[in-house]
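Letter by letter, the chains look like this.
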Amino acid sequence: MLHLMVLTQGLAATYFIYEGTIIIDQGDSDSHFFSDGDTVYITYAFDYSVKDTYPDDPNYGLYPDATASLRFYHVESGFEAHFTGGNTSVLMNQNPDGNPARSDDGIFIFGSTPLNNPELGDNAVGSLSFEAVGDSSMFDKDKLPDGPIDLSMSNLELNFSSSYDYIILYMDLEFVSQGPFDIQ
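Basis of the calculations
Residues numbered from 1 in each chain as written. Predicted model: local features only at pLDDT ≥ 70, side-chain atom pairs only at ≥ 80, totals over all residues. Heavy atoms only, no water. Salt bridge = Lys/Arg side-chain N within 4 Å of Asp/Glu carboxyl O. Buried < 20%, exposed > 50% of the residue type's maximum accessible area, 1.4 Å probe, protein only. Core = buried A, V, L, I, M, F, W, Y, C linked by side-chain atoms within 4.5 Å. Contact = heavy atoms within 4.5 Å. Phe/Tyr/Trp six-rings, centres within 6.5 Å; stacked < 30°, edge-to-face > 60°. Helix = DSSP H or I, 4+ residues; strand = E, 2+ residues; numbered from the N terminus. Pairing = 2+ DSSP bridges.

Asker: Would you mind showing me how to read the pattern of salt bridges here?
Answerer: Any two side chains of opposite charge can pair, on the condition that their charged atoms come close. Under the counting rule described, the total for this entry stands at two salt bridges. Ionic pairing is found between E80 and R71, a salt bridge with its closest N-O pair at 2.3 Å. Relative accessible area serves as the criterion here: at 24%, E80 is assigned to the partly exposed category. Between D146 and K143 there is a salt bridge; the shortest N-O distance is 3.3 Å.

Structure follows, in structure tokens:
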């Protein structure tokens, strides 16, 4: 098993590692680097000291710069993109298609500052965004999750620095492990 560790110093938190496969690869640029069925790892950690900017809204939590770490690793190519410093949003009981009978929860994790220099071909990856949406049992509060969550249907967007090009990878992920993480 591949272990992705981040070694920094400071405030303790927890990292979460998920392993899975790419279901669909789409985008505008360099999508030939990834194929359906490829193995991927997603690792994230939050800065739990960040406060919700919407504390009075029980169905929406916005945590500015709460992403302590968001890391994507593609096993087949060895490509890794590792980012920090982005917002995280937690949504509960949303009706994405306007159907009042349907209620979804979701999490959106953004990484805006690269900790390595990820490049695909001639394109530098400028940011990562990770999204997972599930049924209304995914979260019981609009707070940053402090345990594993269901990421069976999720996607990752790699945005390139020098253009509006991007790659979206739809993935089926399963929780692998968690451990201590020190926030810088």
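Asker: Help me understand the nonpolar core in this model?
Answerer: Note on soluble globular proteins: their nonpolar side chains tend to be buried together. Y44, F72, I107, L128, F130 and L158 are the most contacted members of the largest nonpolar core, which totals 37 residues. Sequence-distant contacts of L128, that is, excluding residues within four places in its chain, are made with L70, F72, A81, F83, I109, F110, G111, L156, E157 and L158. Counting residues in hydrophobic clusters, the runner-up holds six residues, among them Y15, I17, Y41 and Y73.

Asker: Explanation requested: the packing of aromatic side chains in the structure shown.
Answerer: Aromatic ring pairs are reported here in terms of the distance separating the ring centres and the angle at which the planes meet. Following the criterion strictly, the structure yields nine aromatic pairs and no others. On the basis of an interplanar angle of 70° and a centroid distance of 6.2 Å, the ring pair of F34 and F79 is categorised as edge-to-face. Taken as a pair, F34 in the loop between β1 (11-27) and β2 (39-46) and F79 in strand β4 (residues 79-84) lie far apart in primary sequence, 45 residues in all. Accessibility assignment for this pair places F34 and F79 in one class, buried. Here a set of aromatic residues connected by ring pairs shows up, and it is made of F16, Y18, Y44, F46, Y48 and F175.

Asker: Just checking my understanding: could you explain the pairing of β2 for this structure?
Answerer: Each regular strand shows side chains that alternate between the opposite faces of the sheet. Of all eight residues that make up β2, seven are buried, and the element is covered over most of its length. Both β2 and strand β3 (residues 60-74) contribute to a ladder of seven bridges, which runs antiparallel. In the sheet register, Y41 faces β3, and the bridge partner there is Y73.

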